[in-house]
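Next come the chains, spelled out residue by residue.
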Amino acid sequence: MNNDYKQIFGVKFHIEPIGIKGLPIYVTARRSFYKLSYKDNSFILVKPAGDEKFGVVALEKQAALISAHTESPVAFRFEELTRSQRDSLLDRNIPFISDSGQLYLPFLGLMLSDRFVKKKADRKLLRFMPITQVLLLYLIYKSGGKPIMKKDAAENLGVTKMSITRASEQLASLELISQDIRGKECYMTINGTGLQVYEKAKTFMINPVQKIITVSDISPFAQLCLSGESALSKCTMLSAPDIPEYAIDKTEVDVAKIPTIDERWDTRGEAVKLQLWKYDPKLFAQNGVVDPISLAQCYDEYADERIETAIEEYLEEYKW
């Protein structure tokens, strides 16, 4: 690592791995922190996990938190950056270094390159089966960190024990849960707090929404849960959308028999968006709102600063 930065800066920085305590788990989880020093100049370099998904708004807030906590300038290190990512970081004045030679350190100097390395196609990332995601959410929200028997999980979720076994094996292979056989029963325990486990798992989680339809009448459906921007507007400072959004288990809807409408031709203001989920959103809903983890996954890879900020606020305020 020293040689990399000697070549970029023309000087040899002293690099020291450090630990940072006292910050929220979403800021520190699975990240490496270094202090780079040269004469009277120093700063904190944050290296996110290689598979971590990040948004520019979240990075801006996290940089401010880390800087205030350490009383040092902060920069992020990335393995690769696209041109649009670089431009977004510059627009937000977020210091960064990339292994491809992109660099922006306003507190020391500036060196940018127009060379961009095309990202190689990665192997297809492992993604959860819907039942795997449901089981993990069940353990996060319902277990209180205590061991749960597989047969109890199967009964409470309304699935077979075989389905729970397949799902638990997937979670265990990723070290998200531990399994312990006691006599004839197998117990499952999440490895950490709910938020910690979510931070480790989110790369593998799926978007629960399979399809969205627009209807004018939701009276045939019982116990709908707020989702999308409607959910965020109830739990955060985000404004409510013009068209309400609800979630429902796809198995409860026969799309062929439901009259849909085109929201662009709705002159009466009756349009409602209905998200058809791959699992039952009522399982983990609270106060008629879908759970925060599933809601965050609804916007996986969705580029909107308003939404990103609102989701982060929802996750921070949630009583884990």
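Everything discussed here concerns the structure shown above.
Residues numbered from 1 in each chain as written. Predicted model: local features only at pLDDT ≥ 70, side-chain atom pairs only at ≥ 80, totals over all residues. Heavy atoms only, no water.

K.L.:
Give me the lowdown on the nonpolar core, citing residues and values where you can.
P.N.:
L135 and L232 are the most contacted members of the largest nonpolar core, which totals 50 residues. The element contributing the most residues to this core is helix α5 (residues 130-142), with 9 residues. Discounting chain neighbours no more than four positions away, the residues touching L135 are A153, L157, I164, A167, S168, L171 and M188. One finds V46, V56, A63 and F96 within the second-largest nonpolar core, a separate group that totals 20 residues. (Core = buried A, V, L, I, M, F, W, Y, C linked by side-chain atoms within 4.5 Å. Buried < 20%, exposed > 50% of the residue type's maximum accessible area, 1.4 Å probe, protein only. Helix = DSSP H or I, 4+ residues; strand = E, 2+ residues; numbered from the N terminus. Contact = heavy atoms within 4.5 Å.)

K.L.:
Lay out the pairing of strand β2 (residues 32-38) with the relevant residues and their values.
P.N.:
Pairing analysis gives 5 bridges linking strand β1 (residues 14-18) to β2, with the strands arranged antiparallel. Paired with H14 across the bridge in β2 is S37. As defined by bridge partners, β2 adjoins strand β3 (residues 41-47) across 7 bridges and the pair is classed as antiparallel. Across the sheet, residue Y38 finds its bridge partner in β3, namely N41. Connecting β2 to the next strand, β3, in antiparallel fashion are 2 residues, including K39 with a positive phi near 55°. (Pairing = 2+ DSSP bridges.)

K.L.:
Lay out the packing of helix α6 (residues 150-157) against helix α7 (residues 161-173) with the relevant residues and their values.
P.N.:
Following both chains from N to C, one finds α6 and α7 inclined at 115°, their axes separated by 9 Å at the closest point. Of the possible angle classes, the one that applies to α6 and α7 is roughly perpendicular. Crossing angle aside, the handedness with which α6 passes α7 is right-handed. Across the interface between the two elements, K150, A153, A154 and L157 of α6 pack against K161, I164, T165, S168 and E169 of α7. Grouping the constituent residues of the contact of α6 with α7 by class yields 4 nonpolar, 2 polar and 3 charged. (Axes fitted to C-alpha atoms, helices over the stretch in contact; angles between N-to-C directions. Parallel < 35°, antiparallel > 145°, perpendicular 65-115°, else oblique. Left-handed = near helix turned anticlockwise from the far one by under 90°. Nonpolar A, V, L, I, M, F, W, Y, C, P; charged D, E, K, R; others polar.)

K.L.:
Any chance you could break down the packing of aromatic side chains for me, citing the residues and the numbers?
P.N.:
In total, this model carries 8 aromatic pairs according to the counting rule given. Between F96 and Y104, the ring centres sit 6.2 Å apart and the planes meet at 45°, which makes this aromatic pair tilted. Residue classification places Y104 among the buried residues on the basis of a relative accessible area of 13%. These aromatic residues form a ring-pair network of at least three members: Y141, F284, Y318 and W320. One cation-aromatic arrangement involves R182 over Y187; the distance from NZ or CZ to the ring centre is 4.3 Å. (Phe/Tyr/Trp six-rings, centres within 6.5 Å; stacked < 30°, edge-to-face > 60°. Lys NZ or Arg CZ within 6 Å of the ring centre and 35° of its normal.)

K.L.:
Give me the lowdown on the pairing of strand β9 (residues 177-182), citing residues and values where you can.
P.N.:
Here β9 pairs with strand β10 (residues 185-190) via 6 bridges, running antiparallel. Bridge assignment links D180 to a residue of β10, and that residue is Y187. What sits between β9 and β10 in their antiparallel hairpin is a turn of 2 residues, with G183 showing a positive phi close to 65°.

K.L.:
Can you break down the packing of α5 against α7 residue by residue, with the values?
P.N.:
Two elements in contact, α5 and α7, have axes separated by 9 Å at closest approach and are oriented at 75°. The orientation of α5 with respect to α7, classified from their angle, is roughly perpendicular. Within the contact between the two elements, α5 uses I131, T132, L135 and L136 and α7 uses S163, I164, A167, S168, Q170 and L171. Considered class by class, the residues forming the contact of α5 with α7 number 6 nonpolar, 4 polar and no charged.

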